[in-house]
Each structure stands twice: as structure tokens, then as C-alpha cells.
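Read off the chains here:
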Amino acid sequence: MKTSPIHALTGLAYYPDYFDWGAQDALLAEIRAIVAEAPLFQPVMPRTGKPFSVKMSNCGPLGWVSDINGYRYQPAHPDTGRPWPAMPAALTELWDRLAPEAPPPEACLINFYEPGARMGLHQDRDEDMFDAPVISVSLGDTATFRVGGTSRKDPTRSFRLASGDVVVLGGDARLAHHGIDRILAGTSTLLKNGGRINLTLRRVTAA
Ligand code: MD3
Ligand code: FE
């Protein structure tokens, strides 16, 4: 039996290899089509304007953006002004299966990590409600993922997220601090030029 201490966090459910190779490849093709319509943009930190090392896009009715003025969800791409492309059916089906009690997802944030990119420890709290979980799908190179508690000072643990893995963050885990420490280059051949894509499905508005 494959066990992991990742199960020890209440509200966190880990589904290693949820998507098999064929499903990962099909999902990747859909993400490529989305990014062709809604190009990756380089978010910057509010106030300082410091660029993120992660590039982003979105699909679904709302998308998460960060610029000099702050973090927010908006219905259109910050550069093209066009609405975000629709969410692939594979992702709405994933949500229906793993979060059947929650209202439908409104945003899917697409994070693209080149080797060397990282994401500092943070909480996801730009949504209007935290009752619904956040669902994460990893594609491409393995990442070392860090999760702590609701207080920034809580101890953290680190886990690996590999291509095809799904994590559901609900309950107490929904407001846990988390981040990506590093991308383990050369651990997957799914993306021709390496790197990692993470998809996070979110409910933004109260139902
Ligand atoms: C734990 N993304 O986009 S996904 C983010 O791999 C983000 O790109 C990371 O953190 C990534 O905000 C981590 C896993 C994840 C997502 C949301 C969470 C873990 C979480 C919310 C609460 C606790
Ligand atoms: Fe996050």
C-alpha cells in the first residue's frame, strides 16, 4: 500500500496518478489550445511590481490576476481584454466527482513553471467564500510542495507532486499556507521542453 503523511492534514485529500498518461496528454492538448487563445502572462506583485517567476493564464468564467494594484478575479484576460476560454470538460467532471456538494467551479488558474520557478508560501484567500475546496492538478515535472497551517508560523511539511496527481484542499486545509519550493527538472517527458503546469480549480463567488 502506498501511504504518505500528506494524508495527515485534515481536509487534504491526495490522489496520486489520478490521471493516467493518456488523460494527462489529452488534458495538456486542451491547455495548449487555451493558452493559444489566452496567452501566458507574467503577473507582478502588488505595490512592488516584482515579477512572479511563474507565468499564468486562466480558463472558466473568472480568472485570477495580480498586478501593481492587487490580486483579484476578473472575467477577461489582462492583455487581450478577451473573455477567458471555457473550462475543459475533463476539469468540470473532476470537480463534480471530487467535490459533488460544492457549487460549480468558476476559475481555473493555469500556472506554468519553468525549471527554477517557485511560488512562495501563501494562502489562497481572494475568493468570496472558502466553503468549496480548491482542486489542484499537476502536469509535467515533479514539484516539491510545502504545506503548513492556517498560521504562517505553523510548522510546514514538504511533499512531491508528480504529473497526473490531484489534490483536494477542503476543510481546515483550505486556508493552509502552501507554496512550491522547486521543480525537479527531467522528472517527466509529458512537456516536450520540460517544466510543470499546475491547474487549480476554484469557486470564487458565493453560490
Ligand atoms: C493548499 N499553486 O495557484 S497547487 C496557487 O502547484 C498555488 O502551482 C501551487 O498555490 C502550484 O495558488 C499549489 C496545490 C494547492 C492549491 C491550493 C491550496 C494547495 C493548497 C489551498 C490551500 C492549501
Ligand atoms: Fe495557492
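Located above this text is the structure these notes cover.
Keep in mind it's a predicted model, so treat the numbers as computed, not measured.

**Q** I'd love a proper account of the sheet that holds strand 9 (residues 157–161), names of residues and values included.
**A** Hydrogen bonds between backbone groups are what pair the strands of a sheet, and the pairing can be parallel or antiparallel. If you walk across this open sheet you meet the four strands as 6-11-8-9, and the pairing is antiparallel. Only two strands of the sheet have a single partner each, and these edge strands are strand 6 (119–122) and strand 9. Taken pair by pair, the neighbouring strands of this sheet meet at an average axis angle of 25 degrees, ignoring direction.

**Q** So, the environment of glycine 116: which residues are in play, and what are the values?
**A** If you trace the backbone, glycine 116 turns up in the loop between strand 5 (107–113) and strand 6. Along the chain, glycine 116 and proline 133 lie 17 residues apart, while their C-alpha atoms are 28 Å from each other.

**Q** Break down the site of ligand 1 for me, citing the residues and quoting the values.
**A** Around ligand 1, the surrounding shell holds 19 residues, and the nearest of these are Asn111, Tyr113, Ala173, His178 and Arg196. Here an oxygen atom of ligand 1 sits 3.2 Å away from a polar atom, N or O, in the side chain of aspartate 124. Contact between ligand 1 and asparagine 198: an oxygen atom at 3.4 Å from a side-chain N or O atom of the residue. Starting from 500 Å² of accessible surface for ligand 1 in isolation, the protein chains cover 98%.

**Q** I'd like to hear about the sheet that holds strand 10 (residues 166–169), residue by residue, with values.
**A** The antiparallel open sheet is built from six strands, whose spatial order is 1-10-7-12-5-2. A strand with exactly one partner marks an edge of an open sheet, and here the two such strands are strand 1 (12–15) and strand 2 (55–59). Neighbour to neighbour, the strand axes of the sheet diverge by 20 degrees on average, direction disregarded. The sheet contact formed by strand 2 and strand 5 spans five bridges and is antiparallel. The residue of strand 5 that forms the bridge with serine 57 is isoleucine 110.

**Q** Go over the coordination of the iron ion (ligand 2) with me, naming the residues and quoting the values.
**A** Summarising the metal site, the iron ion (ligand 2) is bound by the protein donors His122 (NE2), Asp124 (OD) and His178 (NE2), whose distances to it range over 2.0 to 2.1 Å. Mapping the donors of the iron ion (ligand 2) onto the primary sequence yields the spacing H-x1-D-x53-H. With aspartate 124 in the loop between strand 6 and strand 7 (134–140) and histidine 178 in strand 11 (residues 178–183), this residue pair connects regions lying 54 residues apart in the sequence. Look at histidine 178 and you get buried, because its relative accessible area is 17%.

**Q** I'd like a rundown of helix 2 (residues 89–98), residues and numbers included.
**A** All buried positions along helix 2 are accounted for by Leu91, Leu94, Trp95 and Leu98. Down the axis of helix 2, the smallest arc covering the buried residues is 95 degrees, so these residues share one side. In the core, the buried residues of helix 2 are packed alongside strand 1, helix 1 (21–37), strand 5, strand 7, strand 10 and strand 12 (196–202).

**Q** Which residues make up the packing of aromatic side chains, and what values do they have?
**A** Counted according to the given criterion, the structure contains five aromatic pairs. Considering the side-chain rings of tyrosine 18 and phenylalanine 19, the 5.0 Å spacing of their centres and the 70 degrees angle between planes classify their relative orientation as edge-to-face. Considering the side-chain rings of phenylalanine 41 and tryptophan 84, the 6.3 Å spacing of their centres and the 40 degrees angle between planes classify their relative orientation as tilted. Here tryptophan 84 lies in the loop between strand 4 (70–74) and helix 2 and phenylalanine 41 lies in the loop between helix 1 and strand 2, a separation of 43 residues in the sequence. Both residues of the pair, phenylalanine 41 and tryptophan 84, count as buried. One aromatic cluster in this structure is built from Tyr15, Tyr18 and Phe19.

How each quantity is defined
Residues numbered from 1 in each chain as written. Chains lettered and ligands numbered in written order. Predicted model: local features only at pLDDT ≥ 70, side-chain atom pairs only at ≥ 80, totals over all residues. Heavy atoms only, no water. Pairing = 2+ DSSP bridges. Helix = DSSP H or I, 4+ residues; strand = E, 2+ residues; numbered from the N terminus. Axes fitted to C-alpha atoms, helices over the stretch in contact; angles between N-to-C directions. Near = heavy atom within 4 Å. Polar contact = N/O pair within 3.5 Å; in protein donor to acceptor, adjacent residues only side chain to side chain. Areas by Shrake-Rupley, 256 points an atom, 1.4 Å probe, with all protein chains shown as cover. Donors = N, O, S within 2.8 Å, 3.2 Å for Na, K, Ca; no water. Buried < 20%, exposed > 50% of the residue type's maximum accessible area, 1.4 Å probe, protein only. Arc of directions from axis to C-beta. Contact = heavy atoms within 4.5 Å. Phe/Tyr/Trp six-rings, centres within 6.5 Å; stacked < 30°, edge-to-face > 60°.

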